[in-house]
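# Observations on the model geometry
Here's the letter readout for the chains.
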Amino acid sequence: MKKHNILLISGGIAAMVLFSGCAGTQPHIPITSDIQSFKDYILKKRANETGNYDIIAEKPHQTIIEYRTFNEQSNLADASDIMRVLDDAKEYCQAIGGNGLYGDQAINQLQGLPTSFNIDYVKYRNEMTRQGFGHYSGFYKCASAKDGFEIEYMKEDIELQQRDMIGGGALETYSRYYLTTHDNPQKLNSKLWFKSDKYKSFVMKNDTTEKVFNIDSTAQIPWNYEKGAIAQKYCSYNGGNLYIANALSSYKKIDIEDYYFARLEQIKDKSSINIFMDIDYIWCENPNNKAQEFTLVHNGSTVDYKNGVNKEYLETKGVSFVKATMDTIPSKTSSQTKELSKETVIANYDAKKMSSLGIEPDLAMYTLTSKMDTYKSVGQIRYETSYNGTEPDGCEYASVTKRMMQSVDIQNFKQCRGGSITYIGKTGVEELTDEAKEQLKSVSKRLEASCKLQNQATAKINEFTFKCFKNPLNNNYKFVVLKDGKLITRGVGE
């Protein structure tokens, strides 16, 4: 590989080269032609585990995976369900030739949940120790040109239920939700219960809603999280659509899957563990099979069950049948006016600044989507973009350099979890010292060697990040130097 001068700003020497990838496992099931995505792999491998391992909500580029643990002794909590989800992600990633990374959240979770006498647990601990922290802030990431995906985060203790044991201790039932994003658009209707022989047997044995919900003559049943889960599965299995209205949607009608996404986003960084709320109106619409329609009115610890969907009754309770959308659902239930923070003021300024730019935001969006650099000329102006990869905050970064005559401007952007593109400002004038250049030389050989083996590598020296990327179309390598996510300089070698 040819040597190129890559510049570094001064700082104390505390360099560490980070390597992509982790030890893989062989696929548990063969990757046949009907497996075109990570979801397809789960569907085929786990179809008969519905009830504790499910895909519960889908969008073209997002999935919520749920693993529900039943009656676990609180003093024997372990990492078994986490390892099962990681097994599936790793197996599929390796099978499609991807590079997998354990996220910091997964490493922390596994270390905090010891599993005695489990060989797989020891293997995970060893792999995670070899990889180390700081590669990816989320849970698990598979980089693949074929079908890349990320488990962005895991939310634990969802709908935790505890039951005291005789002699002390407690039995705990709880869920872990895994929010997964996919590079490629996914086909929908991949819920496991559609393919499960186990669930089919349950439906055949409980062929009416009264049997499913165990309804007695009072038509009132105790509330628990499982009631909502059963309602979604049974309604959709019979060709219906389940809707919910509560405080989150301002009591407007919302599809249960959209609700899961909105509610999870609302509580992901909070201590709240409840997906459903104090008062919920849940109903199943099934125009082609009216006998399967039902309504659940959840109020505190009880549920009133009603056959069919009585819209007039629900409207008297304040339910609106105007469908809520994600854009109209507030991220916080509080309507109190709060003083704008410094960060909010800066974000508003950057948003205004981005709106005043020319084609740079569009070029940045293309680069973030394709993960490839591009060039464009407009008259005497030349634009060149740089995909700068993912930073520890889990966001992807890109830069657009504008050259005209002797003038050079670098505008920088980021995108977090597939959301809107954000402008993070212009690269300023940086003072470069000989000492800083010497620091980089001490790291560059290891960086190049790692890049050659892994197709990408990262070195961190104080506040500066050095990255190497291999061009997927040829044998060239790109080097970038970043500070606070902004591009300082870049070079190309082979």
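Since this is a predicted model, take the numbers as computed values, not measurements.

Rules and cut-offs
Residues numbered from 1 in each chain as written. Predicted model: local features only at pLDDT ≥ 70, side-chain atom pairs only at ≥ 80, totals over all residues. Heavy atoms only, no water. Pairing = 2+ DSSP bridges. Helix = DSSP H or I, 4+ residues; strand = E, 2+ residues; numbered from the N terminus. Axes fitted to C-alpha atoms, helices over the stretch in contact; angles between N-to-C directions. Disulfide = S-S within 2.5 Å. Buried < 20%, exposed > 50% of the residue type's maximum accessible area, 1.4 Å probe, protein only. Phe/Tyr/Trp six-rings, centres within 6.5 Å; stacked < 30°, edge-to-face > 60°. Core = buried A, V, L, I, M, F, W, Y, C linked by side-chain atoms within 4.5 Å. Contact = heavy atoms within 4.5 Å.

## Side note on the sheet that holds strand β18 (residues 407-416)
The strand order across the open sheet formed by five strands is β15-β16-β17-β18-β19, and the pairing between neighbours is antiparallel. A strand with exactly one partner marks an edge of an open sheet, and here the two such strands are β15 (375-378) and β19 (421-426). Averaged over neighbouring strand pairs, the angle between their axes works out to 25° when direction is ignored. As paired strands, β15 and strand β16 (residues 381-390) are joined by four bridges and run antiparallel to one another. By the bridge assignment for β16, K376 is matched with Y383.

## Examining the state of the cysteines
Taken as a whole and judged by the stated rule, the model has four disulfides. Across the disulfide, C395 is cross-linked to C416 (sulfur-sulfur distance 1.9 Å). Handedness of the C395-C416 disulfide follows from its S-S torsion of about 100°: it is right-handed. Of this pair, C395 sits in strand β17 (residues 395-404) while C416 is found in strand β18, placing the two residues 21 residues apart along the sequence. Here C451 pairs with C468 through a disulfide, and the sulfurs are 2.0 Å apart. What sets the handedness of the C451 and C468 disulfide is the S-S torsion sign, and at about -80° it is left-handed. Highlighted residues: C451 in helix α12 (residues 434-454) and C468 in strand β21 (residues 464-470), separated in sequence by 17 residues. Each member of the pair, C451 together with C468, is buried. With cysteine numbering restricted to those in disulfides and following the sequence, the protein chain has the pairing 1-2, 3-4, 5-6, 7-8.

## Description of the pairing of strand β10 (residues 252-255)
Alignment of strand β9 (residues 241-245) against β10, held across two bridges, turns out to be antiparallel. Among the inter-strand pairings, Y243 is bridged to a residue of β10, identified as D255. Where β9 hands over to β10, the hairpin turn is made up of six residues, of which S250 adopts a positive phi near 55°. As paired strands, β10 and strand β14 (residues 320-323) are joined by two bridges and run parallel to one another. Within the sheet, the bridge partner assigned to K252 lies in β14 and is S320.

## Observations regarding the packing of aromatic side chains
Inspection of the entire model under this criterion finds 24 aromatic pairs. Relative to Y67, the ring of Y53 lies with its centre 5.5 Å away and its plane at 55°, an arrangement referred to as tilted. With Y53 in strand β2 (residues 53-59) and Y67 in strand β3 (residues 62-73), this pair connects stretches of sequence that are 14 residues apart. Exposure class is identical for Y53 and Y67. Each is buried.

## A look at the nonpolar core
In this structure, F276 and F294 are the most contacted members of the largest nonpolar core, which totals 40 residues. If one sorts the elements of this core by residue count, helix α8 (residues 256-267) sits on top with seven residues. With near-sequence residues (within four places) excluded, F276 lies in contact with E159, W223, Y225, G228, I244, I256, Y259, Y260, R263 and I282. F38, I42, A89 and L113 belong to the second-largest nonpolar core, a separate cluster that totals 35 residues.

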